[in-house]
Amino acid sequence: MSFKQLGLIEPLLKAIQEQGYTEPTPVQKQAIPVILAKKDILAGAQTGTGKTAGFTLPMLQLLSQHKRAHNKPEIRALILTPTRELASQVAESVDIYGKHLPFKSTVIFGGVKINPQLVALRKGVDIVIATPGRLLDHISQKTIDLSKVDFLILDEADRMLDMGFINDIRKILAILPKNRQNLLFSATFSDEIKRLADNLLNAPTLIEVARANMSSEQVKQVIHPVDKERKKELLSHLIKEGDWKQVLVFTRTKHGANKLSEYLEKEGITATAIHGNKSQNARTKALADFKDSTVRVLVATDIAARGIDIDQLPHVVNFELPNVPEDYVHRIGRTGRAGNIGEALSLVCIDEKEFLENIEKLIKKDIHRFVVKGFAPDPSIKAEPIVQKRGSGSNNRSRPSNRTRPSPKGRK
Ligand code: AMP
């Protein structure tokens with residue numbers, strides 16, 4: 001099936017062609033016709049599936065079917081995302097796919113100056129992509145008019161709830177016009193998501209696509225058993241031996257991310273860390289340096305990495321396994337995208353046995369173990385419990401029973 005057969009209009013087909021996409025992805029095939037038919041959807045799809053184009057393309061088409069009431073654009077579409085990075089990336093997609101259409105969009109998030117946002121809003125935009133906190137600031141200061149919104153998208157809704165945004169979302173929903181089309185995208189369907197969906201969506205069409213890369217063989221997954229104290233050394237060894245040029249490394253904590261990137265730098269491997277304690281500018285710069293290969297290694301925490309879209313990422317390393325098994329799937333979804341083979345390596349110490357078991361249960365397969373020569377774990381070392389810090393950036397899904405709950409406001 002082609003994009004044309006999905007009923008998309010010429011200006012969009014042209015933009016798609018310029019992007020080099022030849023065929024819609026499964027989520028696009030399912031979502032585009034339903035959205036064009038003006039139905040609400042509840043979609044289980046995560047980053048890497050092509051979901052952004054799946055909602056952006058039909059949104060742009062629907063906007064183009066209704067002439068603006070006035071010369072000055074009014075906000076008719078609102079896209080909410082959990083993180084600034086994801087907001088920027090969705091905004092970029094809106095620009096790319098909407099390039100041959102006359103719509104204006106702007107992105108609104110915290111951590112940057114509010115003035116440029118005010119200027120853009122004053123001039124008028126058709127589409128706003130926002131994180132909930134800063135959007136509420138604008139709402140309370142009456143610097144944004146959402147009274148004409150008839151198209152709402154919640155992207156990565158599960159993450160928004162995990163990050164404690166539920167009340168912010170409720171406040172935003174309360175001021176939107178009642179008559180509107182709603183799309184809810186979420187990688188997982190917890191009871192909380194189902195409750196939100198029940199309140200928000202009107203007879204939604206359910207769309208579910210296979211977890212990114214899980215059904216395909218595009219990601220080679222390997223476990224390297226190693227002692228905790230030797231993980232740094234092993235990582236440096238793997239990068240040097242393999243001559244890896246671009247590797248995304250996940251740590252569980254922000255502090256761990258900083259420490260690891262400092263270590264790698266000392267080892268002569270260019271590295272930078274990205275996490276919620278860094279300013280927006282520092283995060284943007286870190287990502288840009290990584291994308292243009294100024295630095296070889298980007299060390300990230302789960303929330304900071306969420307929504308990062310880097311094409312053809314060859315290597316993802318779990319320096320530490322996530323305590324939430326779904327996060328493993330998100331992490332390895334960063335590699336092997338859009339037809340490229342990727343490699344996801346996990347450095348696993350004895351303390352992480354339970355995390356690994358939960359991951360293998362979720363993905364329904366055993367991951368191949370491979371001991372790197374010279375790095376065999378010392379059998380005399382006993383497992384120690386992993387202390388979960390409050391607000392360390394994890395979330396509350398499928399957690400092993402003996403873990404403490406993170407701070408409900410993990411917002412960064
Ligand atoms: P997303 O799941 O929205 O984060 O998209 C993941 C990646 O897939 C992005 O780099 C998109 O540019 C790319 N992509 C989206 N749709 C297609 C398609 N139909 N064919 C090839 N690549 C695509």
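A quick note: this is a predicted structure, and the numbers were derived from the prediction, not measured.

Next up on the list: the packing of helix H4 (residues 84-97) against helix H12 (residues 280-291). Closest axis-to-axis distance for the H4/H12 pair is 11 Å, and the angle between their directions is 60 degrees. Accordingly, the angle class assigned to the pair H4 and H12 is oblique. Read as a crossing pair, H4 and H12 show a hand that is right-handed. Residue-level contacts link Arg84, Glu85 and Gln89 of H4 to Gln280, Arg283 and Leu287 of H12.

The next point concerns the site of the ligand. Lining the immediate surroundings of the ligand are 16 residues, of which Tyr21, Gln28, Gly48, Gly50 and Thr52 lie closest. Between the ligand and Thr49, the relevant distance is 3.0 Å, taken from an oxygen atom to a main-chain nitrogen or oxygen of the residue. For the ligand, an oxygen atom lies 2.5 Å from a polar atom in the side chain of Thr52. The two domains that each donate at least three residues to the shell around the ligand are domain 1 (4-208) and domain 2 (219-369).

Quick look at the pattern of salt bridges now. Going through the model one piece at a time under the given rule, you end up with 21 salt bridges. Asp137 serves as the salt-bridge partner of Arg134, at 3.9 Å between the closest nitrogen and oxygen. Separated by three residues within a single helix, Arg134 and Asp137 lie in helix H6 (residues 132-140), roughly one turn from each other. Classification of Arg134 by relative accessible area gives buried; the value is 12%. For the salt bridge of Lys220 with Glu343, the shortest nitrogen-to-oxygen distance reads 3.4 Å. With Lys220 in strand S8 (residues 219-225) and Glu343 in strand S13 (residues 342-348), the pair connects residues that are 123 residues apart, well separated along the chain. Accessibility expressed as a relative area gives 49% for Lys220, which makes it partly exposed. Classification of Glu343 by relative accessible area gives buried; the value is 18%. What you see here is one network of salt bridges that share partners, running through Lys51, Asp155 and Glu156.

Our next topic: the nonpolar core. Within soluble globular proteins, side chains that are nonpolar tend to cluster in buried spots. Leu8, Ile41, Leu57, Met59, Ile79 and Ile127 are the most contacted members of the largest nonpolar core, which totals 41 residues. Among the elements that take part in this core, helix H3 (residues 51-65) stands out by supplying seven residues, more than any other. Residue contacts for Ile79: discarding those within four places in its chain leaves Phe55, Met59, Val90, Val94, Ile127, Val128, Ile129, Ala130 and Ile153.

Quick look at the environment of Ile79 now. Here Ile79 is to be found in strand S2 (residues 77-80). For Ile79, a relative accessible area of 0% corresponds to the buried category. Measuring from C-alpha to C-alpha, the distance between Ile79 and Ala130 comes to 6.2 Å, with 51 residues separating the pair along the chain.

Strand-to-strand pairing in sheets goes through backbone hydrogen bonds, with the strands running parallel or antiparallel. Here seven strands make up an open sheet; going across it, the order is S3-S4-S2-S5-S6-S1-S7 and the pairing parallel. For this open sheet the edge positions go to strand S3 (105-108) and strand S7 (205-208), each flanked by a neighbour on one side alone. Averaged over all pairs of adjacent strands, the angle between strand axes in this sheet comes to 15 degrees, irrespective of strand direction. Across four bridges, strand S1 (residues 41-44) lies against S7 in parallel orientation. Across the sheet, Gly44 pairs through a bridge with Glu208, a residue of S7. Packing against the sheet, helix H2 (residues 26-36) makes contact with S1, strand S5 (151-154), strand S6 (181-186) and S7, and its axis sits at approximately 165 degrees to S7. Contacts from helix H5 (residues 115-123) reach S3 and strand S4 (127-130), with the element oriented near 150 degrees to S3.

The next subject is the packing of H6 against helix H8 (residues 166-175). Contact geometry of H6 with H8 gives a least axis separation of 10 Å together with a crossing angle of 45 degrees. Taken together, the axis directions place H6 and H8 in an arrangement best described as oblique. Handedness of the crossing formed by H6 with H8: left-handed. Where H6 abuts H8, its residues Pro132, Gly133, Leu135, Leu136 and Ile139 lie against Asp168, Lys171, Ile172 and Ile175. Here the residues of the contact of H6 with H8 are counted per class, giving six nonpolar, one polar and two charged.

Now for the sheet that holds strand S9 (residues 247-250). Across the sheet, seven strands lie side by side as S10-S11-S9-S12-S13-S8-S14; this open sheet has parallel pairing. The sheet terminates laterally at strand S10 (271-274) and strand S14 (368-369), the two strands that pair on one side only. Here four bridges tie S9 to strand S12 (residues 315-318), and the two strands are oriented parallel to one another. Within the sheet, the bridge partner assigned to Val247 lies in S12 and is His315.

As a further point, take H4. With 14 residues, H4 extends 20 Å from end C-alpha to end C-alpha; this agrees with the ideal 20 Å at 1.5 Å per step. When you tally the buried positions in H4, you get 10 out of 14 residues, the bulk of the element. Within the span of H4, buried status applies to Arg84, Glu85, Leu86, Ala87, Gln89, Val90, Ala91, Ser93, Val94 and Tyr97.

Attention shifts here to the pairing of S5. Both faces of S5 are covered, namely the face carrying Phe151 and Ile153 and the face carrying Leu152 and Leu154. Where S2 lies against S5, four bridges are found, and the strand directions are parallel. Looking across to S5, one finds that Leu78 is bridged to Leu152. Alignment of S5 against S6, held across four bridges, turns out to be parallel. Within S6, the residue paired with Ile153 across the bridge is Leu183.

What counts as what
- Residues numbered from 1 in each chain as written.
- Predicted model: local features only at pLDDT ≥ 70, side-chain atom pairs only at ≥ 80, totals over all residues.
- Heavy atoms only, no water.
- Axes fitted to C-alpha atoms, helices over the stretch in contact; angles between N-to-C directions.
- Helix = DSSP H or I, 4+ residues; strand = E, 2+ residues; numbered from the N terminus.
- Parallel < 35°, antiparallel > 145°, perpendicular 65-115°, else oblique.
- Left-handed = near helix turned anticlockwise from the far one by under 90°.
- Contact = heavy atoms within 4.5 Å.
- Near = heavy atom within 4 Å.
- Polar contact = N/O pair within 3.5 Å; in protein donor to acceptor, adjacent residues only side chain to side chain.
- Domains from an automatic or database assignment.
- Salt bridge = Lys/Arg side-chain N within 4 Å of Asp/Glu carboxyl O.
- Buried < 20%, exposed > 50% of the residue type's maximum accessible area, 1.4 Å probe, protein only.
- Core = buried A, V, L, I, M, F, W, Y, C linked by side-chain atoms within 4.5 Å.
- Pairing = 2+ DSSP bridges.
- Nonpolar A, V, L, I, M, F, W, Y, C, P; charged D, E, K, R; others polar.
- Expected span 1.5 Å × (residues − 1).

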